[in-house]
Amino acid sequence: MASDFDAISIAAESLCATARWCYTRGWVPATSGNFSVRQGARILVTASGLDKGTLTPEGLLEIDLEGRVVSGAGRPSAETGLHLVLYKARPAAGAILHVHTVWNTLLSGIHAGAGHVDIGGYELLKGLSGVTTHEHVERIPILKNSQKYSELMVELEDALKENPATHGVLLSRHGLYTWGDSVSEARRHLEALEFLFEVEGRRVLGGAD
């Protein structure tokens with residue numbers, strides 16, 4: 001049986017590989033995006049300002065459940081508090097991925113006034129954990145983007161309570177947060193949601209029914 005140290009080390013390598021994969025997809029341009037993984041009370045999160053295309057475990061900081069740095073060089077992303085809210089609201093979550101893509105940025109802006117985007121009728125919805133039919137309607141809440149992170153944390157907490165079945169949260173004209181019980185599940189949710197955002201975005205912008 002792997003020790004806790006081995007488990008977190010393996011998860012860190014997987015997280016960094018996923019971050020580099022996101023970079024190749026153009027989903028974390030410049031130094032955008034942030035990623036974290038959790039094993040019990042231990043959380044590793046990307047340090048601020050790093051190029052995700054070259055991310056290695058040395059670019060991860062260990063923080064406690066209050067967001068205080070336990071080890072590592074650099075400072076946590078300003079959005080680390082949002083990761084902590086997500087881990088508290090979703091106790092089964094073992095990894096969180098935050099990306100800035102063209103399609104989630106466009107779609108979150110288009111639907112910002114409604115406060116959510118509903119996506120239904122697509123086969124790839126079954127890529128989301130617990131979804132077994134294309135008839136499922138995934139409601140993804142959209143929060144107004146803000147640099148006032150203490151207020152945004154409260155809004156995120158409320159959105160997660162109001163949408164217990166959602167697999168992601170959008171910040172308007174900013175990006176997506178998604179999660180999973182492992183890095184691999186979070187990555188699957190990310191890939192499924194981004195496909196759905198692109199299909200729905202093309203449908204809306206193209207004027208299709």
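Given the structure is predicted, the values throughout are model-derived calculations rather than measurements.

I keep staring at the overall build of the chain and nothing clicks. Help me out?
The secondary structure content of the chain amounts to 5 helices and 9 strands. Going from N to C terminus, the chain has its helices and strands arranged as α-β-β-β-β-α-β-α-β-β-α-β-β-α. Taken over C-alpha atoms, the radius of gyration comes to 16 Å for the chain, in line with the 17 Å a tight globule of 209 residues would show. By principal-axis analysis of the C-alpha atoms, the chain measures approximately 50 × 40 × 35 Å. When burial is assessed residue by residue, the chain has 48% of its 209 residues classed as buried. For the chain, contacts bridging at least 24 residues in sequence account for 63% of all contacts bridging at least 6. Entry remark: accessible area of the chain is about 9900 Å², with carbon and sulfur atoms responsible for 54%. Side chains of the chain carry 19 positive and 25 negative charges; the gap between the two charge centres is 3 Å.

It is not clear to me how the pairing of strand E9 (residues 175-180) should be interpreted in this structure. Could you clarify?
Burial analysis of E9 places 6 of its 6 residues in the buried class, which makes it a mostly covered element. The side-chain alternation of E9 yields two buried faces, one formed by Gly-175, Tyr-177 and Trp-179 and the other by Leu-176, Thr-178 and Gly-180. Pairing analysis gives 5 bridges linking strand E5 (residues 95-99) to E9, with the strands arranged antiparallel. Looking at the pairing, Leu-97 lines up with Thr-178 of E9. Direction of pairing for strand E8 (residues 168-171) relative to E9: antiparallel, over a ladder of 4 bridges. Directly across from Leu-170, in E9, lies its bridge partner Leu-176. Counted along the chain from E8 to the antiparallel partner E9, the turn is 3 residues long, and its residue Arg-173 has a positive phi close to 55°.

So what exactly am I meant to see when it comes to the packing of aromatic side chains here?
We describe a pair of aromatic rings using the distance from one ring centre to the other and the angle between the two ring planes. In total, this model carries 1 aromatic pair according to the counting rule given. Centre to centre, the rings of Trp-21 and Trp-27 are 5.4 Å apart; their planes meet at 80°, and the pair counts as edge-to-face. Each of the two residues, Trp-21 as well as Trp-27, counts as buried. Looking at Arg-187, its charged tip hangs above the ring of Trp-21, at a distance of 3.9 Å from the centre.

Quick question: what am I supposed to make of the pattern of salt bridges here?
When charged atoms on two side chains of opposite charge get close, those side chains can pair. On inspection of all chains with the given rule, the structure shows 9 salt bridges. One salt bridge connects Glu-123 with Lys-126, and the closest N-O pair in it is separated by 2.7 Å. Assessed through its relative accessible area of 40%, Lys-126 is described here as partly exposed. Residues Arg-203 and Glu-200 are paired through a salt bridge, measuring 2.5 Å at the closest nitrogen-oxygen approach. Taken together, the residues span about one helical turn, with Arg-203 and Glu-200 both in helix H5 (residues 183-206) at a distance of 3 residues.

Mind showing me how you'd approach the side chain of Thr-80 here?
Looking at the secondary structure, you find Thr-80 in helix H2 (residues 80-89). Setting aside residues no more than four positions away along its own chain, Thr-80 makes contact with Val-45 and Ile-63.

Just checking my understanding: could you explain the nonpolar core for this structure?
Generally speaking, nonpolar side chains in soluble globular proteins are found buried as a group. If you look at the biggest cluster of nonpolar residues, it comprises 37 residues, and the most contacted ones within it are Cys-22, Phe-35, Val-99, Leu-190 and Phe-197. Listing elements by their share of this core, those giving two or more residues are helix H1 (4-24), strand E1 (34-39), E5, helix H3 (102-110), strand E6 (116-120), strand E7 (137-143) and H5. Looking at this core, the element that brings in the most residues is H1, giving 8 residues. When neighbours within four sequence positions are excluded, Phe-197 is seen to be in contact with Trp-103, Asn-104, Leu-107, Ile-119, Ile-140, Leu-170 and Leu-176. One finds Ile-43, Val-45, Leu-82 and Leu-160 within the second-largest nonpolar core, a separate group that totals 22 residues.

So what exactly am I meant to see when it comes to the state of the cysteines here?
Note: disulfide means a covalent bond formed between the sulfur atoms of two cysteine side chains. According to the stated counting rule, one finds 0 disulfides in the structure shown. Distance from the sulfur of Cys-16, which forms no disulfide, to the nearest cysteine sulfur (Cys-22) is 12 Å. Among the residues examined, Cys-16 registers a relative accessible area of 0% and is labelled buried. Residue classification places Cys-22 among the buried positions, given a relative accessible area of 0%.

The rules behind each value
Residues numbered from 1 in each chain as written. Predicted model: local features only at pLDDT ≥ 70, side-chain atom pairs only at ≥ 80, totals over all residues. Heavy atoms only, no water. Helix = DSSP H or I, 4+ residues; strand = E, 2+ residues; numbered from the N terminus. Rg over C-alpha atoms; globule rule 2.2 N^0.38 Å. Buried < 20%, exposed > 50% of the residue type's maximum accessible area, 1.4 Å probe, protein only. Contact = heavy atoms within 4.5 Å. Areas by Shrake-Rupley, 256 points an atom, 1.4 Å probe, with all protein chains shown as cover. Lys, Arg positive; Asp, Glu negative; His and termini not counted. Charge placed at Lys NZ, Arg CZ, Asp CG, Glu CD. Pairing = 2+ DSSP bridges. Phe/Tyr/Trp six-rings, centres within 6.5 Å; stacked < 30°, edge-to-face > 60°. Lys NZ or Arg CZ within 6 Å of the ring centre and 35° of its normal. Salt bridge = Lys/Arg side-chain N within 4 Å of Asp/Glu carboxyl O. Core = buried A, V, L, I, M, F, W, Y, C linked by side-chain atoms within 4.5 Å. Disulfide = S-S within 2.5 Å.

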